[in-house]
Amino acid sequence: MNKQNEIIKMVDITKIYDSSDVETVALKDIDLVVNKGDFVAITGRSGSGKSTLMHIIGLLDNPTSGKYTLNGTDVSSLEEDELAFQRNKEIGFVFQSFNLLSRSTAVENVLLPGIYAGMGSQERVQRAVELLTELGLEDHLNKRPNQMSGGQQQRVAIARALMNDPELILADEPTGNLDTHSGDDVMNTLKALNKEGKTIVLITHEHDIAAQAKKILHLEDGRLVSKK
Ligand SMILES: Nc1ncnc2c1ncn2[C@@H]1O[C@H](COP(=O)(O)OP(=O)(O)OP(=O)(O)O)[C@@H](O)[C@H]1O
Ligand SMILES: [Mg+2]
């Protein structure tokens, strides 16, 4: 595989949390390559470092040491505003608890990342409606989160993640708050996006969910072990 194919490349990433008198080694010597078009699940017990790894991949936190290259850019040298720019452009986030604005409609939630990216107002409404329609939510455009089911809310969150057409989707336990049926819907949506070319990194502690990815990586006490 050549370098241009690598969307995530981590070499020797370590993360140590240093709070008051205890030092926690959350990640230890992580070497990770994710290629464009991959669908990778990261599993591991509670406290194994999954969210820590996700935060570093998503430029929401810095490693203590090691080198992280995202889509060809060595991100360790970037300033905070450049990190925010990269994050908004390259990555779509999906969280366990949806993280939608409760007073805003589906369309308003989805178009939000377009505002930060400087998209015109008409264009962003049009794109939000298109994305929601593609995800089967055309009858729910003007509903607020509390007027939708959990599965529908998570699909709104996926539409929001797609707003700026990022190459990488990071999903931290996206099915964690959903029943089996809605969880299947969300997994089918992620699989369809992967077929269209999106790279997906999914964090889950559920074996059945992880098994639907193309590759499974397992974290044990902050170390990566490959499974499939
Ligand atoms: N901000 C922090 N300060 C200090 N220690 C932290 C912090 N965040 C996480 N940790 C510690 O780092 C380790 C890894 O935590 P992390 O949240 O990455 O685990 P996880 O695999 O996501 O767990 P879960 O499945 O419960 O979400 C744990 O020992 C945790 O206590
Ligand atoms: Mg976690």
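Scroll up for the structure.
Here goes a summary of the coordinates provided.

What counts, and at which threshold
- Residues numbered from 1 in each chain as written.
- Chains lettered and ligands numbered in written order.
- Predicted model: local features only at pLDDT ≥ 70, side-chain atom pairs only at ≥ 80, totals over all residues.
- Near = placed C-beta within 6 Å.
- Helix = DSSP H or I, 4+ residues; strand = E, 2+ residues; numbered from the N terminus.
- Nonpolar A, V, L, I, M, F, W, Y, C, P; charged D, E, K, R; others polar.
- Pairing = 2+ DSSP bridges.
- Core = buried A, V, L, I, M, F, W, Y, C linked by C-beta atoms within 7 Å.
- Buried ≥ 20, exposed ≤ 12 C-beta atoms within 10 Å, placed from the backbone.
- Axes fitted to C-alpha atoms, helices over the stretch in contact; angles between N-to-C directions.
- Parallel < 35°, antiparallel > 145°, perpendicular 65-115°, else oblique.
- Left-handed = near helix turned anticlockwise from the far one by under 90°.
- Contact = placed C-beta atoms within 7 Å.

Brief notes about the site of ligand 1
Step number 1: Looking at ligand 1, there are 13 residues lining it, with Tyr17, Ser46, Lys50, Ser51 and Thr52 nearest.
Step number 2: Going through the elements one at a time, β1 (6–19), β2 (22–35) and α1 (50–57) are the ones with two or more residues in the shell around ligand 1.
Step number 3: Sorting elements by how many residues they give to the shell around ligand 1 places α1 first, with 3 residues.
Step number 4: Among the residues forming the shell around ligand 1, the class breakdown is 2 nonpolar, 10 polar and 1 charged.

Focus: the sheet that holds β1
Step number 1: The 4 strands lie next to each other as β2-β1-β4-β5, forming an open sheet whose pairing is antiparallel. Every interior strand has two partners, whereas the edge strands, β2 and β5 (73–74), have only one.
Step number 2: Bridge analysis of strand β4 (residues 65–70) against β5 gives 2 bridges, and the strand direction is antiparallel. When the bridges of β5 are listed, Thr69 appears paired with Asp74.

Regarding the nonpolar core
Step number 1: Val110, Leu132, Leu170 and Val201 are the most contacted members of the largest nonpolar core, which totals 58 residues.
Step number 2: With 6 residues, helix α5 (residues 150–162) is the single largest residue contributor to this core.

Description of the packing of helix α3 (residues 106–116) against helix α4 (residues 121–134)
Step number 1: Two elements in contact, α3 and α4, have axes separated by 8 Å at closest approach and are oriented at 125°. Taken together, the axes of α3 and α4 lie oblique to each other. Crossing angle aside, the handedness with which α3 passes α4 is right-handed. Of the residues in α4, those in contact with Ala106, Val107, Val110, Leu111, Gly114 and Ile115 of α3 are Arg124, Val125, Arg127, Ala128, Val129, Leu131 and Leu132.
Step number 2: Along the lines of polarity and charge, the residues of the contact of α3 with α4 split into 10 nonpolar, 1 polar and 2 charged.

A short note on the sheet that holds strand β9 (residues 215–220)
Step number 1: The sheet built from 6 strands is open, its strands ordered β6-β7-β8-β3-β9-β10 with mixed pairing. Each edge of the open sheet is held by one strand with a lone partner, namely β6 (91–95) and β10 (223–226). Shown here is a sheet whose adjacent strand axes are inclined to one another by a mean of 20°, direction ignored.
Step number 2: In this structure, strand β3 (residues 39–44) lies alongside strand β8 (residues 199–203), joined through 4 bridges in parallel fashion.

Observations regarding unusual backbone geometry
Step number 1: In this model, Asn99 sits at a positive phi of 55°, which is unusual for a non-glycine residue.
Step number 2: Of note, Asp221 is a non-glycine position whose phi angle comes to about 45°, a positive value.

Brief notes about α1
Step number 1: Among the 8 residues in α1, 6 count as buried, and that is most of the element.
Step number 2: Those residues of α1 that fall on the buried side of the exposure criterion are Lys50, Thr52, Leu53, Met54, Ile56 and Ile57.
Step number 3: One or two positions beyond α1, positive phi appears at Leu59, with a value near 60°.

A word on the pairing of β2
Step number 1: Bridge count between β1 and β2: 10 bridges; the pairing is antiparallel. By the bridge assignment for β2, Ser19 is matched with Val22.
Step number 2: Counting the residues between successive antiparallel strands, the hairpin from β1 to β2 contains 2 residues, one of them, Ser20, with a positive phi of roughly 40°.

A look at the environment of Asn164
Step number 1: As for its placement among the helices and strands, Asn164 is situated in the loop between α5 and β7 (168–172).
Step number 2: Expressed as a C-alpha distance, the spacing of Asn164 and Ile30, which sit 134 residues apart in the sequence, is 29 Å.
Step number 3: Ignoring anything within four residues of it in the chain, the contact list for Asn164 reads Asn88, Lys89, Pro113, Gly114 and Ala117.

A few points about the packing of α5 against helix α6 (residues 180–195)
Step number 1: Contact pair α5 / α6: the axes reach a minimum separation of 9 Å and the direction vectors enclose 20°. Judged on the interaxial angle alone, α6 and α5 are roughly parallel. As α5 runs across α6, the sense of the crossing is right-handed. Seen from α5, the contacting residues are Gly150, Gly151, Gln154, Arg155 and Ile158; seen from α6, they are Ser182, Asp185, Val186 and Thr189.
Step number 2: Taken together, the residues of the contact of α5 with α6 break down into 2 nonpolar, 5 polar and 2 charged.

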